[in-house]
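# Understanding the architecture of this molecule
Now for the letters of each chain:
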Amino acid sequence: MITILTCLISLGFGLFVPFANYWGRGMMFVAVIAFDLLNIYINERRYGLVTLFFFGGITFSYLYLFLVIQ
């Protein structure tokens, strides 16, 4: 349950990265690393999944900005 929650939160962080300033981006990245460490502590098999969702959210957000809003 914690893994699903942290993955969804990191996906949300990733979606808002293009709209944040540098301070906000840094704080989101630090939060994602903390979530990833939390998942490693709780469940060793799924490490890196939170970071994958974060960068997936960034990718979807930039694709939306470049392809739809052009």
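Residues numbered from 1 in each chain as written. Predicted model: local features only at pLDDT ≥ 70, side-chain atom pairs only at ≥ 80, totals over all residues. Heavy atoms only, no water.

### With respect to the packing of helix α1 (residues 2-16) against helix α2 (residues 22-42)
- In the contact formed by α1 and α2, the axes pass within 10 Å of each other and the chain directions differ by 165°. The angle between α1 and α2 places the two elements in the roughly antiparallel class. Of the two elements, α1 crosses α2, and the hand of that crossing is left-handed. The segment α1 lies against α2, with I2, T3, T6, I9, S10, F13 and F16 engaging M28, A31, V32, F35, L38, N39 and I42.
- Of the residues belonging to the contact of α1 with α2, the class tally is 10 nonpolar, four polar and no charged. (Axes fitted to C-alpha atoms, helices over the stretch in contact; angles between N-to-C directions. Helix = DSSP H or I, 4+ residues; strand = E, 2+ residues; numbered from the N terminus. Parallel < 35°, antiparallel > 145°, perpendicular 65-115°, else oblique. Left-handed = near helix turned anticlockwise from the far one by under 90°. Contact = heavy atoms within 4.5 Å. Nonpolar A, V, L, I, M, F, W, Y, C, P; charged D, E, K, R; others polar.)

### So, the side chain of S61
- Note on placement: S61 falls in helix α3 (residues 49-68).
- Non-local contacts of S61, meaning those with residues more than four positions away in its chain, are made with G14, L15, P18 and F19.

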